[in-house]
Amino acid sequence: MSSSALPESHPAVHEHKGKTCPVTGQTHDFCAAQPEDSRSPCPALNTMANHGYISRDGKNISASEIVGGLKACYGLSTPLALFLSHVGFLVLRKTFRRVSLFEIGKHGQVEHNASLVHHDTPAGEVYAPIEIDAGLVDKLIDDVQGGERMNAVDVARARIRREKESPVLDGVHAEIARGEMAIILGVWEEGAGTDKLGIPVAWMRRWIHEEKLPDGWRPTRKQGLLDTVKRSKAIRTAMENFRKAEAEAAKDT
Ligand code: HEM
């Protein structure tokens, strides 16, 4: 789209170089991806770029830049940040190299089908689509039951729905898919003392759709590897329970 096609109130199209943005300066204020910027199918990485925790242009990014970003932006512990970033680069066969965010979405490596808000990679394509399907965002939010917070059971409901709509996911990618959501469930969990612990659905919608952090939010605690594994197992158990219940219901009909 050329800048002349934009409404007058739209911020001018501009260039991002590294972490600097002519509109936000050196702050962590949000600025959406500009036409020349590179983005991935990962809401966490795109959000870090949109807030300048990694290069705003999404290009020439090293594993250690991502480690620093994950710690500063989301409060991940050093072991969890090192694990995600370096294992990610290993799987992408990019150890000691720099990547653009788009390359991180190489299909079948870290990337997988049955994503929550992205379509499956079309046959013959090397990279996953980065477009977000607003209808899938609505369905993800509709899967939240019993309050305004999303928990592991809600995520399980959404994963079951999406896995039915795609070819069968192998065990490793099914684990990755649970892990992706387990991290953010830990980072934003709220509601101690109420009847439902979970993350505010408004935060989830904004993050997964607009790739934006909640206004003024900064991490106040560390999200670690063991807690993430525990949450991922909780999603897995909830998925198994849903599948058992469905099988029982099918027997009765
Ligand atoms: C705070 C850390 C992170 C969180 C919370 C996170 C979360 C997520 C979530 C929720 C998705 C699923 C989007 C969807 O289903 O539509 C996703 C996708 C993805 N993430 Fe991340 N991520 C994190 C870090 C990383 C890192 C470090 C890498 C790679 C180096 C990475 C690579 C990917 C890729 C390739 C996808 C696409 C998978 C798919 O096909 O759905 N992520 N991430």
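Structure: above.
Since this is a predicted model, take the numbers as computed values, not measurements.

Student: It is not clear to me how unusual backbone geometry should be interpreted in this structure. Could you clarify?
Tutor: Of all residues except glycine, most have a negative phi; of all peptide bonds, most are trans. Residues other than glycine seldom take positive phi values, yet Arg93 does so here, at roughly 55°. With respect to the helices and strands, the residue Arg93 is situated in the loop between helix H3 (78-91) and helix H4 (101-104). One non-glycine residue with positive phi stands out, namely Phe96, at about 65°. Note on placement: Phe96 falls in the loop between H3 and H4.

Student: Sorry if this is basic, but what is going on with the site of the ligand here?
Tutor: Near the ligand you find 22 residues, and of these Cys42, Glu111, His112, Ser115 and Leu116 are the closest. Contacts to the ligand include Glu111, whose side-chain N or O atom sits 2.8 Å from an oxygen atom. Between the ligand and Val117, the relevant distance is 3.0 Å, taken from an oxygen atom to a main-chain nitrogen or oxygen of the residue. At the level of elements, helix H1 (43-50), helix H2 (63-74) and helix H7 (171-188) are the ones that each hand at least two residues to the shell around the ligand. Residue classes in the shell around the ligand are distributed as 17 nonpolar, three polar and two charged.

Student: Explain the packing of aromatic side chains to me, please; I cannot follow it from the model alone.
Tutor: The description of two aromatic rings rests on the distance between their centres and on the angle between their planes. Here the structure, examined in full by the defined rule, presents four aromatic pairs. Geometrically, the ring pair formed by Trp188 and Trp203 is edge-to-face, given 5.6 Å between the ring centres and 80° between the ring planes. With Trp188 in helix H7 and Trp203 in helix H8 (residues 201-210), this residue pair connects regions lying 15 residues apart in the sequence. Note on Trp188: relative accessible area 1%, which makes it buried. For Trp203, a relative accessible area of 21% gives the class partly exposed. Ring geometry for Trp188 versus Trp207: centroids 5.8 Å apart, planes at 80°, classification edge-to-face. A residue pair is termed long-range when its members are at least 10 positions apart, and Trp188 in helix H7 and Trp207 in helix H8 qualify at 19 residues.

Student: Any chance you could explain the nonpolar core here in plain terms?
Tutor: Met48, Tyr74, Met150, Ile184, Met204 and Ile235 are the most contacted members of the largest nonpolar core, which has 50 residues in total. The biggest single contributor to this core is H7, with seven residues. What Met150 contacts, discounting residues up to four positions off in sequence, is Leu140, Val144, Val155, Met181, Leu185, Gly198, Ile199, Val201 and Met204.

Student: For this particular structure, what's the right way to read the coordination of the iron atom of the ligand?
Tutor: A lone protein donor binds the iron atom of the ligand: Cys42 (SG), at 2.4 Å. With respect to the element layout, Cys42 can be found in the segment before H1.

Student: Before we go on, may I ask you to explain H7 in this structure?
Tutor: For an α-helix, the turn length of 3.6 residues means that residues three or four places apart are oriented alike. Over its 18 residues, H7 extends 27 Å from the first C-alpha to the last, a length consistent with the 26 Å expected when each residue adds 1.5 Å. Within H7, 13 of the 18 residues are buried, leaving the element largely enclosed by the surrounding structure. For H7, the N-terminal capping position is held by Asp170, with its side-chain oxygen 3.1 Å away from the main-chain nitrogen of Val172.

Student: Would you take a moment to explain the pattern of salt bridges for this structure?
Tutor: Throughout the structure, instances matching the rule amount to 19 salt bridges. One salt bridge connects Arg243 with Glu163, and the closest N-O pair in it is separated by 3.4 Å. Highlighted residues: Arg243 in helix H9 (residues 225-252) and Glu163 in helix H6 (residues 152-164), separated in sequence by 80 residues. Its salt-bridge partner being Glu175, residue Arg236 comes within 3.5 Å of it at the nearest N-O pair. One end of the pair, Arg236, is in helix H9; the other, Glu175, is in helix H7, with 61 residues separating them in the sequence. Classification of Arg236 by relative accessible area gives partly exposed; the value is 38%. Salt bridges sharing partners connect three or more residues here, namely Glu175, Arg178, Arg236 and Glu240.

Student: What exactly am I supposed to notice about the packing of helix H5 (residues 134-142) against H6 here?
Tutor: The interhelical angle for the contact between H5 and H6, taken along N-to-C directions, is 135°, at an axis separation of 9 Å. With respect to their mutual orientation, H5 and H6 come out oblique. Between H5 and H6, the contacting residues are Leu136, Lys139 and Leu140 on the first element and Ala158, Arg161 and Arg162 on the second. Broken down by class, the residue content of the contact of H5 with H6 amounts to three nonpolar, no polar and three charged.

Student: For this particular structure, what's the right way to read the side chain of Lys196?
Tutor: Relative to the helices and strands, Lys196 is located in the loop between H7 and strand E2 (199-200). Polar side-chain contacts of Lys196 include one of 2.7 Å to the backbone oxygen of Gln145. Ignoring anything within four residues of it in the chain, the contact list for Lys196 reads Val144, Gln145, Gly146, Arg149, Asn151, Asp154, Glu190 and Gly191.

The rules behind each value
- Residues numbered from 1 in each chain as written.
- Predicted model: local features only at pLDDT ≥ 70, side-chain atom pairs only at ≥ 80, totals over all residues.
- Heavy atoms only, no water.
- Helix = DSSP H or I, 4+ residues; strand = E, 2+ residues; numbered from the N terminus.
- Near = heavy atom within 4 Å.
- Polar contact = N/O pair within 3.5 Å; in protein donor to acceptor, adjacent residues only side chain to side chain.
- Nonpolar A, V, L, I, M, F, W, Y, C, P; charged D, E, K, R; others polar.
- Phe/Tyr/Trp six-rings, centres within 6.5 Å; stacked < 30°, edge-to-face > 60°.
- Buried < 20%, exposed > 50% of the residue type's maximum accessible area, 1.4 Å probe, protein only.
- Core = buried A, V, L, I, M, F, W, Y, C linked by side-chain atoms within 4.5 Å.
- Contact = heavy atoms within 4.5 Å.
- Donors = N, O, S within 2.8 Å, 3.2 Å for Na, K, Ca; no water.
- Expected span 1.5 Å × (residues − 1).
- Salt bridge = Lys/Arg side-chain N within 4 Å of Asp/Glu carboxyl O.
- Axes fitted to C-alpha atoms, helices over the stretch in contact; angles between N-to-C directions.
- Parallel < 35°, antiparallel > 145°, perpendicular 65-115°, else oblique.

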